[in-house]
Amino acid sequence: MTGDANPVTRATRTPLPPPTRVAMVGNPNVGKTSLFNRLCGVRAKTANFPGSTVEARMGSCVADGVEMEFIDLPGVYAIDLELPESKLCRDCLAGRLAGCMPDAMLVVLDATNMQRGLRLFRSVAAGGRPMAVALTMTDLARGRGLSVNAQRLAVVLGVPCVEANGRAGVGIEPLLAAIHAAVEVPPQILAAGIAEDWIDQTVSSSVGGPNTLGADTDRLTDRLDAAFTHPILGGVVFLLAMALMFFAIFRLAEIPMDLIEQGFGWLGSTIAAVLPEGALTSLLVDGVIGGVAGTVVFLPQICLLFFLLALLEDTGYLARAAFVMDRIMCRFGLPGQAFVPLLSSHACALPGIMSARLIPDPKDRLATILVAPFMSCSARVGVYVLLVTLLFPQSGFLAGLAFAGCYALGAAAALVTAAIFRKTILRGKSRPMVLELPPYRLPDLRGAVLSTYDRAVVFLRNAGTVILAICVVMWWINAYPRSAMPVEAIAIEARAVDADAAGNADEATALRADAENLQRRVQQQNSFAGWIGGAVQPVFAPLGLDDRLTIAVMTSFLAREVFRSTMTVLVGHGDGDNDTKVADELALATRTDGSKLFDVPTSVALLVFYVLALQCLPTLAVTRRETGSWKWAALQFGWMSVVAYLLALFARALVIALGGGG
Amino acid sequence: MASTVSDPLPIRLPLTQLKRGDRAMVADSSLSDEDRAVLRAMGLDERCTFTVCRASAGGPCIIQLDATRLGLSPDLAKRIMTRPCECPSADCCAQDAPKP
């Protein structure tokens, strides 16, 4: 119900009559979204309505010169339930959604499950809007021995009724014609209070066959369910499926991620070469391009995740997986569906948080979003490798163990936090775990692509607005106030000129790199970020952090992977591309009193802090978007920071108490 | 899922105590009105006969009613009392079910 969603386009072409607004309603898993995708294709977007925690998709198409706007309401079992999706449907029917009353309701009925669909039809009919019915899953119904008669159903219901299949694109034109007919000549609507017997009679008269009220036996589904929902075998299958999915996400996303990085790198260097050196160039290259690149680089992982999730959901397997995982997750106050977002967060918290939309209960969903960033994402890996190498330079086994421990610590923190939140701020009864297990079927590739496209657009829109603004602010506090080149750097530059004159090009290059490093170090220490680092250093002192480590920790609140490059600038002289080389340089770094900068207690405290702290501004922006409030993003940030600090403090104290040096 | 007036079979068992392949009808439950309404909307009410696809005393259950399969958490399933059906057809038990 966007009204004039695209007024420019509309004004420049032949004026069309006002669009016909059609709200699509149906039970879950009836093929409603496939039908919507077929009707609207890419001309659709996800819409979050004010005051609603559920979303609907909106799109349009033109049929016979008349524009139709469709709204794909979330699947509901009944519109009178006290559930967010039912409320959204009620609001739509009452014209409270974006202030628009739908011109017609399109009820999507599953031919294999007519009783339940007809109950919903009966409730929608009470709204008195013109209606049409799309009868889906007719191939499945006929395969089960039912005989489906859409014409007879249309007569009984008193509304146009068309067989349609969104996946195959069957019945789309007749369906559009039926909607036209319903709007132009509103049919007689049946009374809403009709008895339950009417539903059985309607089913019997329009869906005949040996199993009129549904198929009782489905051996293949029986066998698959026996495996997929088995307490042990089901868990093994689920772990295998997830392992395959995440292997694909990590591996297949590598190439496009590299290409995106290279593309933004090329763009940055081209702009830097064309524009004169100065604040504007720095803003564009380091702030805008650097900031956006740091977020957009995750787009391939996000697309792959949502594409694979859509395929899995479409096959009917994901509901079984949620069912299996519910046994474990419910101990921590989370539903089975939370497992996928939490696992996804190991790739990146952004898609993990976005995939929490799979969870129907708002409190469960919120709890999952709040704890998802505890899971160790790929951006943490670089920091883990560096700190673990510093801790165990001689033992690959212990380093590996510590590395795995980081993942375990993050997961444990997530689950414990979820349990705490569900017993305190998110207290209340969860929706009872009752899941419809849809029939197994081949996935709809087209639908998966469209769903992925939709998610990608949402993500890019976020990256181009909130995240971009945050990046520019962070660039500014890192880049200002500008520092003059220090005397030492000027002297090194002069030596570089002498080396050049003496024909010693290699030495000149090395000296210039040293001068540049020195300049960057001074700039970083004197910037607003440096000032903030200096001001908060006393807070981090109990963790063993000096002013340089504090600045590194503070700057990595933009993105934690910044830690390594910041430390390279503040301590080292290398190019920061080689893990071992950086670790060697950092291992030799000392404090002002001559003691090691990265002693064991400090390294352990830093490692624990980086495992648990939320140092990723895009994550906060996505949390705000998904929860609709900065309040939850602030809570997430505050809670994770406090937990990270306290556990890091504890870890440092423990190491010192165990004689690990201090 | 309120208590029924007529009760064709005296045996009542929690859903979690049924075995795979058992047919039963919902007799009663100690669920909240809200949960009851959700289950009713999903098709699980006193009028339907269902078949147990998976059940265990402490674990989740899967039941099939008509063409739909529902997975129920143990907490939910143990609060649903059922009346086992001996007959192979859904219709014979359904005739004894209370009319809403």
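Caption draft 1: Geometry of the overall build of chain A. Each helix and strand in chain A was counted, giving 28 helices and 10 strands. Relative to its 662 residues, chain A shows a buried fraction of 54%. Entry remark: accessible area of chain A is about 27,700 Å², with carbon and sulfur atoms responsible for 65%.

Caption draft 2: Spotlight on the pairing of strand β6 (residues 131-136) of chain A. Residue and element names in this part refer to chain A. Buried residues dominate β6, accounting for six of its six residues. Of the strand pairs in this sheet, strand β5 (residues 104-110) and β6 are connected by six bridges, and their pairing is parallel. Bridge pairing links leucine 106 to alanine 132 in β6. Where the polypeptide runs from β5 across helix α4 (residues 114-125) and back to β6, its parallel neighbour, the crossover connection is right-handed. Of the pairings in the sheet, the one linking β6 to strand β8 (residues 161-163) comprises three bridges and is parallel in character. Within the sheet, the bridge partner assigned to leucine 135 lies in β8 and is glutamate 163.

Caption draft 3: Quick look at the interface of chain A and chain B. Facing 37 residues of chain A, the contacting portion of chain B comprises 31 residues. Interface area for chain A against chain B, summed over the two sides, is near 2,700 Å², with a carbon-plus-sulfur share of 53%. The interface formed by chain A and chain B contains two salt bridges. Between arginine 69 of chain B and aspartate 222 of chain A there is a salt bridge, and its shortest N-O distance comes to 2.3 Å.

Caption draft 4: A look at the confidence of the model for chain A. Residues and elements named next belong to chain A. Across chain A, the average pLDDT comes to 82, with 87% of residues at or above 70. Contacts for the low-pLDDT stretch residues 1-13, under 50 throughout, to residues beyond four places or in other chains number 19 contacts. Counting interchain partners and residues more than four positions distant, the pLDDT-below-50 stretch residues 209-215 has 21 contacts.

The rules behind each value
- Residues numbered from 1 in each chain as written.
- Chains lettered and ligands numbered in written order.
- Predicted model: local features only at pLDDT ≥ 70, side-chain atom pairs only at ≥ 80, totals over all residues.
- Heavy atoms only, no water.
- Helix = DSSP H or I, 4+ residues; strand = E, 2+ residues; numbered from the N terminus.
- Buried < 20%, exposed > 50% of the residue type's maximum accessible area, 1.4 Å probe, protein only.
- Areas by Shrake-Rupley, 256 points an atom, 1.4 Å probe, with all protein chains shown as cover.
- Pairing = 2+ DSSP bridges.
- Right-handed = clockwise from strand over helix to strand, strands pointing away.
- Contact = heavy atoms within 4.5 Å.
- Buried area = accessible area lost by both parts, 1.4 Å probe.
- Salt bridge = Lys/Arg side-chain N within 4 Å of Asp/Glu carboxyl O.
- pLDDT = per-residue confidence, 0-100.

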